[in-house]
Amino acid sequence: MNERYSRQILFPGIGKEGQAKISSKHVLIIGAGALGSGSSEILARAGVGKITIIDRDYVEASNLQRQQLYTEEDVVEKLPKAAAAEKRLRAINSDVEVRAIIGDATPELLEELAAGVDVMIDATDNFETRMAMNDVAQKYNLPWIYGACVGSFGMTFSIIPGKTPCLNCLLRAIPLQGMTCDTGGIISPTVQMVIAHQTAEALKMLAEDWEAVRTSFVSFDLWRNQYTSLKMSKAKFAGCLSCGEERTYPYLDHENMTKTTVLCGRDTVQIRPSAAGKISLERLAGQLSSLGYAVKGNPYLLSVEMEAERMVIFQDGRALIHGTKDLTHAKSIYQRILG
Ligand SMILES: [Zn+2]
């Protein structure tokens, strides 16, 4: 192990002791898109003990420009990102225990996954999941690292329960919501810059060098050559419903979870069934083919071609309906195919 991690051990901030700590820790990464594939690769190479990564999507050609874990072969096979990431991370470092979950990071699942996790990394593309992560982090006393990017603009912040303001507090000071669901495109260096900040923070936390953890909010624009670092110590809000004295964790309210969502910046609706249960993709493929649908798939998902839309169905009954943003229309397609 020492040879493999020798350069990291030579680094004074980590050393032998820090490396031993890193290799005994568990990181939970929410999302295996651009941020998640970069973070998970860096942390796997750094020798983190266990990585759990969750993602609801599959690999498409437009991902390859910036999602560094994936290849053209993954696109052809329509592999779920979580499955493709798991395969690649294991090939990069077989010492790391990798658990990949194909699914939606619902508040319920996040609470389940939080047990035994040391650090959580935000690699999502949507606000709803981030706020649920924020509540889970506060409830289970779990440090996590917020990160977001669009175009050439990125931002990141380390959140330590009991010490720093939480994301819900930050919303009062910074208009973070504008950062989500943007269709304006992105360049890969923006992603890499956010990843560099997030993983450096993660390594500090994993090596337990808490003094070194950044307490300021960082934002930058790589195209306009701007870099800002904002002090956030005064942003903690006593009445915050996520981290204040009378907290209620509003984003963990399972009843309020949306079952139908328009995916960020895409002509796609996701539908999640209310009752969880595995469906037999093989049987469904047979039924749909006999009804005249063009069906393709792999062990993880089925892709069904329709006149104007394409529907992708996962084992847990969750579906992505491409080619529409209309929730009602998407629901009617879902019911037509899955009853
Ligand atoms: Zn708060």
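(A) Broad picture of the environment of Leu 171. Here Leu 171 is to be found in the loop between α8 (167-170) and α9 (188-206). When the C-alpha atoms of Leu 171 and Ala 235 are compared, they prove to be 9.3 Å apart, with 64 residues separating the residues in sequence.

(B) Examining the sheet that holds strand β7 (residues 216-221) more closely. Strands sit in the order β3-β2-β1-β4-β5-β6-β7-β8 across an open sheet of eight strands; the sheet is mixed. Looking at which strands have only one partner, the edges of the open sheet turn out to be β3 (97-102) and β8 (226-231). Going from strand to strand, the sheet's axes swing by 15 degrees on average, the running direction of each strand aside. Of the strand pairs in this sheet, strand β4 (residues 119-122) and strand β5 (residues 144-150) are connected by two bridges, and their pairing is parallel. Note that in β5 the partner of Met 120 across the bridge is Trp 144. The strands that helix α5 (residues 81-92) touches are β2 (50-55) and β3; relative to β3, the one it contacts most, it runs at about 170 degrees.

(C) Molecular detail of the coordination of the zinc ion. Looking at the metal site, the zinc ion is ligated by Cys 166 (SG), Cys 169 (SG), Cys 240 (SG) and Cys 243 (SG), spaced 2.2 to 2.3 Å from it. Every donor counted, the four donor atoms about the zinc ion form angles of 97 to 120 degrees at the centre, which fits tetrahedral coordination. Positions of the donor residues of the zinc ion along the chain correspond to the pattern C-x2-C-x70-C-x2-C. Here Cys 240 matches Cys 243 in class, with each residue buried.

(D) Inspection of the domain arrangement of the protein chain at higher detail. Partitioning the protein chain into structural domains gives domain 1 (6-255) and domain 2 (258-338). Here domain 1 and domain 2 have C-alpha centroids that lie 28 Å from each other. Across the contact, 19 residues belong to domain 1 and 20 residues belong to domain 2. In this assembly, domain 1 packs against domain 2 so that about 1500 Å² is buried in total across both faces, 54% of it on carbon and sulfur atoms. Considering only the surface of domain 1 that becomes buried against domain 2, Arg 56, Tyr 58 and Lys 78 emerge as the three largest contributors, covering 36% of it.

(E) View of the sheet that holds strand β12 (residues 301-305). As summarised here, the arrangement of the six strands in space is β9-β10-β14-β13-β12-β11, forming an open sheet in which the pairing is antiparallel. A strand with exactly one partner marks an edge of an open sheet, and here the two such strands are β9 (260-262) and β11 (294-298). Direction aside, the axes of adjacent strands within the sheet are offset by 20 degrees on average. Where β12 lies against strand β13 (residues 310-314), five bridges are found, and the strand directions are antiparallel.

(F) The pairing of β7, seen in detail. For β7, the buried fraction is high: six of the six residues fall into the buried class. Taking every second residue as pointing to the same face, both faces of β7 are buried, with Ser 216, Val 218 and Phe 220 on one and Phe 217, Ser 219 and Asp 221 on the other. As judged from the four bridges shared by strand β6 (residues 153-159) and β7, these two strands associate in the antiparallel manner. Each bridged residue has a counterpart across the sheet, and for Phe 153 the counterpart in β7 is Asp 221. The hairpin formed by β7 and β8 contains four residues between the paired strands, and Asn 225 there has a positive phi angle of roughly 60 degrees.

(G) Representation of the pattern of salt bridges. Scanning the entire structure with this criterion turns up 14 salt bridges. One salt bridge connects Glu 17 with Lys 21, and the closest N-O pair in it is separated by 4.0 Å. Placement of the pair is Glu 17 and Lys 21 together in helix α2 (residues 15-22), with a separation of four residues, close to one helical turn. With relative accessibility at 61%, the residue Glu 17 sits in the exposed group. Residues joined in a network through salt bridges with shared partners are Glu 17, Lys 21, Lys 25 and Glu 208.

Parameters at a glance
Residues numbered from 1 in each chain as written. Predicted model: local features only at pLDDT ≥ 70, side-chain atom pairs only at ≥ 80, totals over all residues. Heavy atoms only, no water. Helix = DSSP H or I, 4+ residues; strand = E, 2+ residues; numbered from the N terminus. Pairing = 2+ DSSP bridges. Axes fitted to C-alpha atoms, helices over the stretch in contact; angles between N-to-C directions. Contact = heavy atoms within 4.5 Å. Donors = N, O, S within 2.8 Å, 3.2 Å for Na, K, Ca; no water. Tetrahedral: all angles 85-135°; square planar, octahedral: opposite > 155°, others 65-115°. Buried < 20%, exposed > 50% of the residue type's maximum accessible area, 1.4 Å probe, protein only. Domains from an automatic or database assignment. Buried area = accessible area lost by both parts, 1.4 Å probe. Salt bridge = Lys/Arg side-chain N within 4 Å of Asp/Glu carboxyl O.

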